[in-house]
Amino acid sequence: EVQLQASGGGLVQAGGSLRLSCTASGFTFDDYAISWFRQAPGKEREVVSSISGEDGRIWYANSVKGRFTISIDNAKNTVYLQMNNLKPEETADYYCAAENVKTYEGNYYLPRNWYGMDYWGKGTLVTVSS
């Protein structure tokens, strides 16, 4: 079965940290770009960070640069999002998603549009209290 499984959300105080995990089954990340999205109530979905499983390229939203780190553990087929110094306004449902980019032969930009994702994990709720 091909799927993504996300985990790691929870309640944290402002300034605290969480690490989100996104594990793939049925495929490996080497032909995919993997992105973390978040959506808060009444807000547009926004991409937080992306990583290429092909070449390791990384992209961060300006609002999280210096605080969030995206990484891949190939042995575990898992993408992580380490989130430090969290802010209350970052309370949201966080999603991981993967898009097969092999056909582009490396000629693609990060981040990828949400509507092009091939697989989505279930959202994990991050709540940052003030």
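Bear in mind the structure is a predicted one, so any value in this text is a computation, not a measurement.

A. Up close: the pattern of salt bridges. Using the criterion set out here, one finds 5 salt bridges in the structure. Across the pair R38 and E46 runs a salt bridge, and its minimum N-O distance is 2.7 Å. Look at R38 and you get buried, because its relative accessible area is 6%. According to the relative accessible area criterion, E46 is partly exposed, its value standing at 33%. A salt bridge links R38 to E90, with the nearest nitrogen and oxygen atoms 3.3 Å apart. Taken together, the positions of R38 in strand β4 (residues 32–39) and E90 in the loop between β8 (78–83) and β9 (92–100) put the pair 52 residues apart, joining distant regions of the chain. In this pair, the class of R38 matches that of E90, namely buried. One network of salt bridges, with partners in common, ties together R38, E46, R67 and E90.

B. Here's a closer look at the sheet that holds strand β7 (residues 68–73). The 4 strands are arranged β1-β3-β8-β7 in an open sheet whose pairing can be described as antiparallel. Either end of the sheet is taken by a strand with one partner, and the two such strands are β1 (3–7) and β7. Here the strands of the sheet are splayed against their neighbours by 15° on average, with no regard to which way each runs.

C. Summary view of the state of the cysteines. Applying the stated criterion across every chain, the model contains 1 disulfide. Across the disulfide, C22 is cross-linked to C96 (sulfur-sulfur distance 2.1 Å). For the disulfide bridge between C22 and C96, the dihedral angle about the S-S bond is near 70°, and by the sign convention the bridge is right-handed. Taken as a pair, C22 in strand β3 (residues 18–25) and C96 in strand β9 lie far apart in primary sequence, 74 residues in all. Judged by its relative accessible area of 0%, C22 falls in the buried class. On the basis of relative accessibility, which here comes to 0%, the residue C96 falls in the buried class.

D. Main features of the layout of surface pockets. Its volume calculated, the largest pocket comes out at about 150 Å³. Considering the residues around the largest pocket, the lining is formed by 13 residues, among which R38, A40, E46, E89 and E90 are closest to the centre. Counted by class, the lining of the largest pocket contains 2 nonpolar, 3 polar and 8 charged residues.

About the criteria used
- Residues numbered from 1 in each chain as written.
- Predicted model: local features only at pLDDT ≥ 70, side-chain atom pairs only at ≥ 80, totals over all residues.
- Heavy atoms only, no water.
- Salt bridge = Lys/Arg side-chain N within 4 Å of Asp/Glu carboxyl O.
- Buried < 20%, exposed > 50% of the residue type's maximum accessible area, 1.4 Å probe, protein only.
- Helix = DSSP H or I, 4+ residues; strand = E, 2+ residues; numbered from the N terminus.
- Pairing = 2+ DSSP bridges.
- Axes fitted to C-alpha atoms, helices over the stretch in contact; angles between N-to-C directions.
- Disulfide = S-S within 2.5 Å.
- 1 Å grid on protein atoms, 1.4 Å probe; cavity = no way out; pocket = protein on both sides within 12 Å on 5 of 7 lines; lining within 4 Å.
- Points joined across faces, edges and corners; volume = space filled by probe spheres on them.
- Nonpolar A, V, L, I, M, F, W, Y, C, P; charged D, E, K, R; others polar.

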